[in-house]
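Fold and geometry: a report
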Amino acid sequence: MSNSIRYILLVIGVVGFGYPFVWMISGSLKPEMEIGSLALWSVNFSLDSYRYVIDTIPITRAFLNSMIVSLSVTISVIVFGSMVGFALSKMRFIGRELLFLIILFTMMIPFQITLIPQYILMVWLGWTDSYLGLIAPSMMTAFSVLLFRQFFLSIPESLIDAARVDGCTNFRLLFQIVWPLSRPVIITVGIVTFMTIWNDVLWPIIIIRERSLMTMPQLVTLFVTGGEAEARLGPMLASATLLAVPVIVAYSFFQRYFIDSMASSGLKG
Amino acid sequence: MNIVKRVIAKYNDSERGAFLFILPYIIFFTAFVAYPLIFSFILVFHRWNIVTPMEWIGPGNLIRLFQDDLFFKAVGNTLIFLVIHIPLQIVVALVFALLLYSKIKGRGFFRSVYFFPFVVSGVVVTIVWMQLYSYEDGVLNTIVMWFGFERIPWLVHPSYAMPSIALMATWKNVGLYIILFLVGLQTIPSQLYEAANIDGASKIRQFRHITLPMLNPTIVVVFILSTIGGFSLFIEPYVMTGGGPMNSTLSAMLYIYNQAFNFSHMGYAAALGLVFALIILMVVLFQRKVIETEAYS
């Protein structure tokens with residue numbers, strides 16, 4: 001295949017994957033009448049749709065909620081995941097193999113089984129309509145434990161022994177000696193966890209009814225499906241754009257990390 | 001006696017600190033994995049709307065499930081989704097991975113554009129595509145009419161709606177699989193192609209007899225990941241169609257959600273979740289088996 005055909009196909013791909021997003025941003029700025037057209041530029045650009053969204057729904061609050069929830073979960077998954085991964089790879093204790101098997105097993109359980117009972121548990125604990133309800137059930141993942149364990153196995157035993165001989169406690173060993181060596185896994189687990197929680201809608205829809213506690217994708221979903229957008233395309237596209245902007249910003253800075261992390265976790269998962 | 005001795009020996013050998021490291025996971029596992037799992041098996045045998053006390057009805061929920069046409073329609077819809085989504089995904093991802101796998105300028109740029117829809121929230125993608133698919137004045141129908149065809153009833157006709165959602169989902173996820181195939185292509189030793197060139201094998205034969213077999217592990221991963229993803233199809237129909245028209249986009253997850261949270265049929269929803277999870281496990285294990293035997297035959 002000649003290289004020019006290759007480039008033509010690749011550029012068609014760029015248009016195919018990129019155009020809808022550009023169209024979304026442009027549509028969010030256009031007056032209602034012009035949104036249907038394929039043109040991306042209009043002389044009548046205005047921020048009216050954004051004003052309508054911001055006046056109608058607490059979108060900034062939702063952004064903060066999403067941030068709080070996603071960051072808490074990510075930190076927790078990294079801290080606890082690395083602790084268990086460390087214990088499984090560098091410490092000796094009874095039931096180590098059993099624990100490892102249990103973790104492997106939990107990865108195979110489809111979430112469809114535990115979804116309803118987990119919701120009921122939240123009701124009993126009184127954690128519906130709270131940050132705790134959004135954060136607690138995701139605080140640890142089998143996937144992160146396995147990634148950490150696998151990575152820690154490659155850290156030479158002699159290094160660990162040397163630190164122990166010097167009287168290093170296990171906590172200091174993990175957080176001061178092993179962590180700095182583990183940047184790649186920490187980034188992978190961090191990005192994958194953060195994106196999963198940031199983009200999740202099903203769980204927030206189930207346990208959050210209170211508008212001021214809704215996460216960003218949830219609030220936008222409600223806005224679009226619940227009639228508040230009054231079936232107007234402009235505000236819908238504006239809300240979608242607002243939802244996409246944080247990800248667009250993060251992605252444009254860290255795209256290499258995003259792609260590498262998600263690809264490597266996909267292969268191992 | 002021997003076992004006791006061994007356990008004691010092992011206990012003395014184990015580090016006390018280790019317990020502190022795994023304690024958080026044990027608490028988490030008990031509360032959010034083991035307990036819900038056990039409770040789901042109890043819930044299956046009850047009628048319960050969460051407000052009034054639970055009522056034991058034996059296998060009632062399961063009997064009802066096997067007579068519930070709508071559940072089987074929802075599972076069927078999900079399978080229709082998968083049957084369109086997976087092959088399309090593999091073909092498109094493979095084509096783009098092959099296009100990218102050569103000395104090409106701006107490879108990083110192309111990669112990041114193709115990958116972007118995968119990173120963005122499904123809600124964003126769904127809202128945008130809802131407009132693109134609009135029957136009267138959607139962008140896609142405008143293009144279709146340029147070429148002189150009739151408008152396509154993307155989301156409004158029962159036999160078009162699920163394929164349309166599958167097309168959108170492919171567009172959203174294919175970036176991940178392009179990258180996975182690229183990684184796979186890079187692991188194929190170049191000597192294989194050199195040897196084939198010397199033997200005079202055509203590019204197409206090289207693709208069939210070197211590239212495809214060597215990519216088999218990646219294809220298995222893509223198959224299983226997109227199967228699991230496809231079975232949890234929820235937000236796309238929830239936002240786009242609400243399951244319509246005529247329940248043609250009612251996915252199994254959406255049906256379970258409706259039973260639990262619109263009708264408060266907790267016991268029945270738990271039964272649906274359990275049976276659906278068993279279906280998922282069976283399909284995934286079956287796929288594994290088929291693909292693996294294909295590979296070694």
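Points about the overall build of chain A
Within chain A, the regular secondary structure consists of 13 helices and 0 strands. Looking at chain A as a whole, 45% of its 269 residues are labelled buried. Nonlocal contacts in chain A, meaning residues at least 24 apart in sequence, comprise 75% of its contacts between residues at least 6 apart.

Some words on the domain arrangement of chain B
Residue and element names in this part refer to chain B. The domains assigned to chain B are domain 1 (2-61) and domain 2 (67-296). Distance from the C-alpha centre of domain 1 to the C-alpha centre of domain 2: 35 Å. In this assembly, 9 residues from domain 1 lie in contact with 8 residues from domain 2. Here the side of domain 1 that touches domain 2 is composed, by residue class, of 4 nonpolar, 4 polar and 1 charged.

Some thoughts on the interface of chain A and chain B
Contacts between chain A and chain B engage 65 residues on the former and 70 residues on the latter. Every element with two or more residues in the side of chain A that touches chain B is listed here: helix 1 (3-29), helix 3 (59-90), helix 4 (96-108), helix 5 (111-125), helix 10 (183-199), helix 11 (202-207), helix 12 (216-225) and helix 13 (233-268) of chain A. Sort the elements by how many residues they give to the side of chain A that touches chain B and helix 13 of chain A lands first, with 15 residues. Class assignment of the residues belonging to the side of chain A that touches chain B gives a composition of 50 nonpolar, 13 polar and 2 charged.

As for the domain arrangement of chain A
Along its sequence, chain A is organised into domain 1 (3-46) and domain 2 (56-268). Between the C-alpha centres of domain 1 of chain A and domain 2 of chain A the distance comes to 33 Å.

Regarding unusual backbone geometry
Of note, the amide linkage connecting Gly244(B) to Pro245(B) takes the cis form, showing an omega dihedral of -10°. The residue Asp129(A) is not glycine, and still its phi comes out positive at about 50°. Of note in this structure, Ile50(B) is not a glycine but carries a positive phi near 75°. Relative to the helices and strands, Ile50(B) is located in the loop between strand 1 (46-47) and strand 2 (55-56).

Concerning the environment of Gly267(B)
Residues and elements named next belong to chain B. Tracing the backbone through its elements, the reader meets Gly267 in helix 14 (residues 266-296). Overall, Gly267 belongs to the buried group, with 25 C-beta atoms counted inside 10 Å. What Gly267 contacts, discounting residues up to four positions off in sequence, is Leu43, Val44, His46, Arg47, Trp48 and Asn61.

Definitions and limits used
- Residues numbered from 1 in each chain as written.
- Chains lettered and ligands numbered in written order.
- Predicted model: local features only at pLDDT ≥ 70, side-chain atom pairs only at ≥ 80, totals over all residues.
- Helix = DSSP H or I, 4+ residues; strand = E, 2+ residues; numbered from the N terminus.
- Buried ≥ 20, exposed ≤ 12 C-beta atoms within 10 Å, placed from the backbone.
- Contact = placed C-beta atoms within 7 Å.
- Domains from an automatic or database assignment.
- Nonpolar A, V, L, I, M, F, W, Y, C, P; charged D, E, K, R; others polar.

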